[in-house]
Amino acid sequence: MNVTPRSDDPHALLRAHGLRATPQRVAVAQLLLKQAMHATPREVYTKLKTDFPSMSQNTVYLTLDHLEKAGLLRRFHIAGRVVFDSNTQMHDHACCSRCGRIMDLASAGRIDSPDELGKWQVEGQSRLWSGVCPDCIQPPR
Ligand SMILES: [Zn+2]
Ligand SMILES: [Zn+2]
């Protein structure tokens, strides 16, 4: 799925969203926003640990939280994991029950809201499809 390209410059991107470009925010933005990806706070921490040995898991979490509040990331829960998503457009997900890979699916851009939500002002909808991905399905012998 195509994602609207964003600024390549994390400093400009952070400033455009009203955030001060601290080294931690720049590092996290650089990692997550250059391509559409999903990552748990722990994965982000593990990836940045080498370059930023002084960055704690807590700092990573707080940074992700700030980026989410500024609208640069979306947070969702899959199979008990908190996952941050750099694709902030409305979309659905598929999650492999064996390897845990998460895939973005276009959600056709329209909302079919249930009748019960007749009086609501619906802002979003996201579905989670689960199953076994092709890589995890054993080829038949
Ligand atoms: Zn899989
Ligand atoms: Zn996604």
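Reference entry: report on the structure contained in this document. Every chain is numbered on its own, with residues counted from 1 as its sequence reads. Whichever chain is written first becomes A and whichever ligand is written first becomes 1, with later ones labelled in order. Only residues with pLDDT of 70 or above have their local features reported here, since the model is predicted, and side-chain atom pairs are shown and tallied only from 80 upward, although totals for entire chains, interfaces and linings are computed over all residues. The side-chain figures draw on all heavy atoms in the structure; neither hydrogens nor water molecules are used.

By definition, any uninterrupted DSSP run of H or I lasting at least four residues is a helix, any uninterrupted run of E lasting at least two residues is a strand, and each is numbered from the N terminus. Across its full length, the chain carries 4 helices and 6 strands. Going from the N terminus to the C terminus, the chain shows its helices and strands as α-α-β-α-α-β-β-β-β-β. With respect to the three principal axes, the spread of C-alpha positions in the chain is 50 × 45 × 25 Å. Working rule for contacts: check all heavy atoms of both residues, and any pair within 4.5 Å makes them a contact. Counted over contacts in the chain with a minimum sequence separation of 6, partners at least 24 positions apart contribute 48%.

Within the secondary structure layout, Ile-102 lies in strand β5 (residues 102–106). Burial status follows relative accessibility: with a 1.4 Å probe on protein chains alone, a residue under 20% of its type maximum counts as buried, one over 50% as exposed, and anything between as partly exposed. A residue is classified by how much of its surface remains accessible, and Ile-102, at 18% relative accessible area, is buried. A sequence separation of 18 residues divides Ile-102 from Phe-84, and the C-alpha atoms of the two residues are 11 Å apart. Contacts of Ile-102, omitting those with residues within four sequence positions, involve His-38, Phe-76, Ile-78, Arg-81, Val-83, His-93, Ala-94 and Cys-95.

Before going further, it helps to examine the pattern of salt bridges. Every case where a carboxyl oxygen of Asp or Glu lies within 4 Å of a side-chain nitrogen of Lys or Arg is listed as a salt bridge. Summed over all chains, the structure comprises 5 salt bridges. The partner of Arg-75 in a salt bridge is Asp-65, and the shortest N-O contact between them spans 2.5 Å. Residue Arg-75 is found in strand β2 (residues 74–78), and its partner Asp-65 is found in helix α4 (residues 57–69); the two are separated by 10 residues along the sequence. Asp-92 is paired through a salt bridge with Arg-127; the nearest N and O atoms lie 3.0 Å apart. Here Asp-92, found in strand β4 (residues 91–96), pairs with Arg-127, found in the loop between β5 and β6 (128–131); they are 35 residues apart in sequence, far enough to count as distant. Since its relative accessible area comes to 40%, Arg-127 is described here as partly exposed. Connected through salt bridges with shared partners, the residues Asp-65, Glu-68, Lys-69 and Arg-75 form a single ionic network.

What follows covers the coordination of the zinc ion (ligand 1). Any N, O or S atom lying within 2.8 Å of the metal counts as a donor, and for Na, K and Ca the limit rises to 3.2 Å; water is left out, so some sites can look incomplete. The zinc ion (ligand 1) binds to the protein through Cys-96 (SG), Cys-99 (SG), Cys-133 (SG) and Cys-136 (SG); the donor distances cover 2.2 to 2.3 Å. Geometry is assigned from donor-metal-donor angles: four donors are tetrahedral when every angle falls between 85 and 135 degrees, four are square planar and six octahedral when opposite donors sit over 155 degrees apart with all other angles between 65 and 115, and any other arrangement is irregular. Viewed at the metal, the 4 donor atoms of the zinc ion (ligand 1) are separated by angles of 106 to 115 degrees, and the geometry they form is tetrahedral. Binding-site remark: the zinc ion (ligand 1) is held by donors from one chain whose sequence spacing is C-x2-C-x33-C-x2-C. With relative accessibility at 15%, the residue Cys-136 sits in the buried group.

For the rest of this paragraph, the subject is the environment of Gly-80. Within the fold, Gly-80 resides in the loop between β2 and β3 (81–85). Spatially, the C-alpha atom of Gly-80 lies 19 Å from that of Cys-133, the residues being 53 residues apart in sequence.

Attention shifts here to helix α3 (residues 41–49). Residues of α3 that are buried: Pro-41, Val-44, Tyr-45 and Leu-48. Mapping the buried residues of α3 onto a view down its axis gives an arc of 100 degrees, with all of them on the same face. Where the residues of α3 are buried, they touch α2 (23–33), β1 (38–39), α4 and β3. Each C-beta atom gives one direction from the helix axis, and the arc is the one those directions make.

In this description, a disulfide is simply a cysteine sulfur pair whose atoms lie within 2.5 Å. This structure, assessed with the given rule, holds 0 disulfides. The cysteine Cys-95 is free of any disulfide, with Cys-96 supplying the nearest cysteine sulfur at 7.0 Å.

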